[in-house]
Amino acid sequence: MHQQLWRKTILTIVLFVLLLSGIGILILDLDGFKTLPLSIATGLETITVPLGDFFTGTGFIRLNTQNFLLFERFVAGEVEQYPILTQWLGILTWLLLLVYVWLITLVRRNAFLLGAGLLVFMLTISGVNSLNIGGVGTNYGLVICLVFLLLPIALIHLFFENLSLGLRALIVFGSGLGCLVLLIFLANAPYPTLLFSENISLMAMSMAAGYLVYTGQSLISGIYLLLARMNRGVSIKIGWHFAVLGTAYLMLLGLMLLDITGSINGWPLPPFELLLLIVGLVGYFDVYHKINNHPQPFAFAWVGKLFYLTGLAMCLLLIFKGKVTLNTPMLDFLQHIFIYSQLGFGLLFFLYIWVNFSGILNSGTAVERIVYKPPFFPYFHMRLGGFLSLLIFLVYADGIVAIQFSTSSTQFSADYYLASKRPVEATVLYENAFERYRKNEKALFVSAQLYLDQNQPTLAQNTLLRSFEENPQVPDIILLSELLEKRKRVNESIYYLEEGLTYYPSNPYLSNNLALIYHQMNRPDDALRVLANMKGEESTRGLNQLGVKIFHGKEVKENDFENAALKDKINLLAYANVIGEAAGFDLPVDSIRQGGNLVNQAMLRNQFTALKEDNVPAEYFEIIDTLLQKQVPSLNQEESIRESGLVLAYKSGRVNDLLRRLNGMAFRFNKNAGYYHAFAGWVLSREGDFKKAAIEWNQAALKGFSQFTPAHLPYLYFGGMQEEALFVSGTQGVDFPVWMRFDGERQLIHNDTVKFYQALASLPEMLGRELLPALEGLETSAHRAFLAREMLLKKGHWFSHERLDSLLELTLDQEFFREEATFLTDYVNQIKGADSVKDNPDFSAAQNAYLTPLVLAGLATLSDDEDRYALLQEASQFNRDPLLWIELVRYCRIIGLDQYASSNLALMAEWIGPEDLTELQLEYF
């Protein structure tokens, strides 16, 4: 009962390792973990889009903003290190060794001596002495292993032959685990558990190589065994089946041999780990029958089966580790040994069957005599011939397996030094590993990364150039081109990417990055051509094709809008904003939680730019505020989020908030202050505040804004900055409008348009009695209509209802303003107090202080005097309308702020004469 339990327990351990390794290999293969790490980096590029424009009365001034286009580039990341996983793999390897040691105690004398000798050999190459127990170069580690592993099993075999399985297991596993603990405890090397786990892989490779040689003829013999079993009692001619299947398998192995020796390339051959698994399963069937039909050096059949499964588990465990750690020499070592042994022993066994047993091959009898109880000399010659064939293949491959074995050891040490934060030693070992075995994907790539981490870009570049010359790899080429780009050597970067495509035609990673460089060099046709030939990575290709088309003004077709992913939609929305059309979809900006994410930044800007001014969800402002309250990774990202907030404030008509934000942006982000001052100047010009607009335009010019047009200059000139207007005109080569002509003394020659602009510039500070004379003094009907519109919007509170109607009629007589007929009519009704539009959210008194009639009309909607004061105080920060300020003074006195009332009257005296100021106080107090 207990015997069965212990046997099943240890079998469970082996099967657990076997299953875990197999699943791990499958996951890595399905996940594409065969190459060095390449990841997608999303980048932003800006494209100018129109945000708005307004009619100045004689021309248009346009305001632009930036939208974002997303591009995806492949970048070579750092190789991941898995020290914890490596240590667990080391523990599993040690457990499999203990299973092997436990099984040795169950074999007969000669087999025990052979097994003990192999154990000593494996412990010798296990690298335990590298733990530096008792000092550098001592053999105490090996001595401890021999005492804890070899001595107990020798005692068991010599003196305790009848010991139960349970006691054997307790002694072997207890002693083995104690040995491991003692080795780690006494080790003087840094990070001893990792060092032990790395170095023990050499011992595991030897065990795996022995298993692979042992299974050399397993598949051929298994095929014959299966066919013979099926033919028993049927007597069909299975010789042809055996010939076809055996020849096909041997031909496949021949092709794999040519592939690993570099004689053929590009053939769709199966991975060797798949063949290994098939051989392992068929070989177990073969071993099962061999044990049952032939005397074995052990008493129990399950011992041989467990030996076999332990070897298979060790092979799969090593393959999994090799794939995770990208240890190409180790994987190649296992593959070479597998192919040599399968081809050598399989071919000789195939010939052995045909030469010696062709007469009874189709009889369905004597299966055991042929496979398990063969004549000595034919079978001996077959085994000897198989061994010689193996040696021939080794010689044919120039003994490459020895180099692979030793290079694997070097790379184990390099991985250890890398994980233990000793980059100098790791770099030396990686370069040495590449020097000894050139077919190494990882060595020079990691060396280059380590040089970059140590701020030695020249050494990194030289290392990658060497990789390109001797063993070009896609990740190495990607990293080399990236490094050359950073060092402003773009032409060389293009050269290596183009040359890389000669080794790897249509490779998606090389093609994509080459196309992006072409795009950055203003070669869109070349970029699109390379992307069209790119195979794989369809989503990245589609996104970049779309970005290149939009950026360079190429045709965007209707099918580009079909089945668009999120990033594609972001680019398409930028395209729609460029051409001024609706995209037909919205971006889910309400899902944004991270402001530092580039995709989120692009979503914000492009979606806010596309908003209609009468449809701005309130929650968008909450998104901006939330993102700014969180820790923003960088100043550039903060600026992007705040600039998106500017676009949102503009689209929502929140002029007061917008101007405050612009003032803060110009102060905080001095690099782009010219644009923010120009933005503020545009807003103030649209609102008719010439003086403040002139200040902003002048600041914009001083900060580097260079997109002035003739339509800008009147705002500088009539805003009180005549000299600055002349300076901008001269320095930026911008002519004054044709209606602005100067005499010999640089004085402006008067005409109706000059009078029109003078009236517009004075309008914010005008008294009611000055308005109609200014309007009647204009001769041109278009000017009169424009000024009437401005009076309705800014000065409507000075007029009676009848006069408002006449001004509205005068405005709408001009065809240009008829598009605003509904808005202007509703606005007039609002300031009249009409119930139908009283609560219209489009006319908020608190959003635009320059709409003075609306601000004053809003007073009636408030019941508290302090709220009315707050509304007036807010508006007075921007607006200098006399009636607005008189109302502010009145409410200062109402709520008991007499000192503020006096202060505000003193400020009014700066632009209103004493008589007019006194008259206003008498009339409204």
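See the structure shown above.
Bear in mind that the values here come from a model prediction, so they are computed numbers and not experimental data.

1. Here we look at the overall build of the chain
- Regarding its fold elements, the chain presents 41 helices and 2 strands.
- Its C-alpha radius of gyration of 43 Å places the chain more than 25% over the 29 Å reference for a compact globule of 925 residues.
- Its C-alpha atoms give the chain principal-axis dimensions of roughly 130 × 55 × 55 Å.
- Taking the intrachain contacts of the chain between residues at least 6 apart in sequence as the baseline, contacts between residues at least 24 apart amount to 68%.
- Averaging the coordinates of the 69 positive side-chain charges in the chain and doing the same for the 88 negative ones gives two points 14 Å apart.

2. Quick word on helix 32 (residues 752–762)
- Counting buried residues along helix 32, 8 of its 11 residues qualify, which places the element largely inside the surrounding structure.
- Taken together, the buried positions of helix 32 are occupied by D752, T753, V754, F756, Y757, A759, L760 and A761.
- Close packing links the buried residues of helix 32 with helix 29 (690–702), helix 30 (713–718), helix 33 (768–776) and helix 34 (781–795).
- The N-cap residue of helix 32 is N751: its side-chain oxygen and the backbone nitrogen of T753 are 3.0 Å apart.

3. Structural notes on helix 36 (residues 821–832)
- Taking 1.5 Å as the rise per residue, helix 36 with 12 residues should run 16 Å; its terminal C-alpha atoms sit 16 Å apart, in good agreement.
- Among the residues making up helix 36, those that are buried are L824, Y827, V828, Q830 and I831. Projected onto a plane normal to the axis of helix 36, the buried residues spread over an arc of 160 degrees and lie on a single side.
- Looking at the packing, one finds that the buried side of helix 36 touches helix 34, helix 35 (801–812) and helix 37 (852–859).
- Where helix 36 terminates, the next one or two residues include G833, which has phi positive at roughly 90 degrees.

4. As for the pattern of salt bridges
- Overall, the coordinates contain 32 salt bridges when judged by the stated rule.
- Counted as one network, the salt bridges with shared partners bring together E435, R438, R466 and E470.

5. Some details on the nonpolar core
- Ranked by internal contacts, the top residues of the largest apolar core, which has 176 residues, are L659, F679, W697, L716, F718, L787 and M908.
- Ignoring anything within four residues of it in the chain, the contact list for L787 reads F756, A759, L760, L763, A774, L775 and L778.
- One finds W94, L165, M330 and F345 within the second-largest nonpolar core, a separate group that totals 116 residues.

6. Notes on the pairing of strand 2 (residues 60–76)
- Extensive coverage of strand 2 is indicated by the burial of 13 of its 17 residues.
- Taken together, the 17 bridges between strand 1 (residues 38–55) and strand 2 define a ladder with antiparallel strand orientation. Note that in strand 2 the partner of T46 across the bridge is F68.
- Joining the antiparallel neighbours strand 1 and strand 2 is a turn of 4 residues, in which G57 adopts a positive phi near 110 degrees.

7. A word on a negative patch on the surface
- Together, D590, E619, E622 and D625 give the surface a local cluster of negative charge.
- Within the element layout of this structure, D590 appears in the loop between helix 23 (566–579) and helix 24 (598–610).
- The partly exposed category is assigned to D590, whose relative accessible area is 48%.

8. Some thoughts on the packing of aromatic side chains
- Summed over all chains, the structure comprises 41 aromatic pairs.
- When the ring centre of F585 is taken as reference, the NZ or CZ atom of K569 above it lies at 5.7 Å.
- Taking the ring centre of F621 as reference, the NZ or CZ of R654 above it sits at 3.7 Å.

Conventions and cut-offs
- Residues numbered from 1 in each chain as written.
- Predicted model: local features only at pLDDT ≥ 70, side-chain atom pairs only at ≥ 80, totals over all residues.
- Heavy atoms only, no water.
- Helix = DSSP H or I, 4+ residues; strand = E, 2+ residues; numbered from the N terminus.
- Rg over C-alpha atoms; globule rule 2.2 N^0.38 Å.
- Contact = heavy atoms within 4.5 Å.
- Lys, Arg positive; Asp, Glu negative; His and termini not counted.
- Charge placed at Lys NZ, Arg CZ, Asp CG, Glu CD.
- Buried < 20%, exposed > 50% of the residue type's maximum accessible area, 1.4 Å probe, protein only.
- Polar contact = N/O pair within 3.5 Å; in protein donor to acceptor, adjacent residues only side chain to side chain.
- Expected span 1.5 Å × (residues − 1).
- Arc of directions from axis to C-beta.
- Salt bridge = Lys/Arg side-chain N within 4 Å of Asp/Glu carboxyl O.
- Core = buried A, V, L, I, M, F, W, Y, C linked by side-chain atoms within 4.5 Å.
- Pairing = 2+ DSSP bridges.
- Patch = residues over 30% accessible without salt bridge, like charges linked within 9 Å, V, L, I, M, F, W, Y side chains within 5 Å.
- Areas by Shrake-Rupley, 256 points an atom, 1.4 Å probe, with all protein chains shown as cover.
- Phe/Tyr/Trp six-rings, centres within 6.5 Å; stacked < 30°, edge-to-face > 60°.
- Lys NZ or Arg CZ within 6 Å of the ring centre and 35° of its normal.

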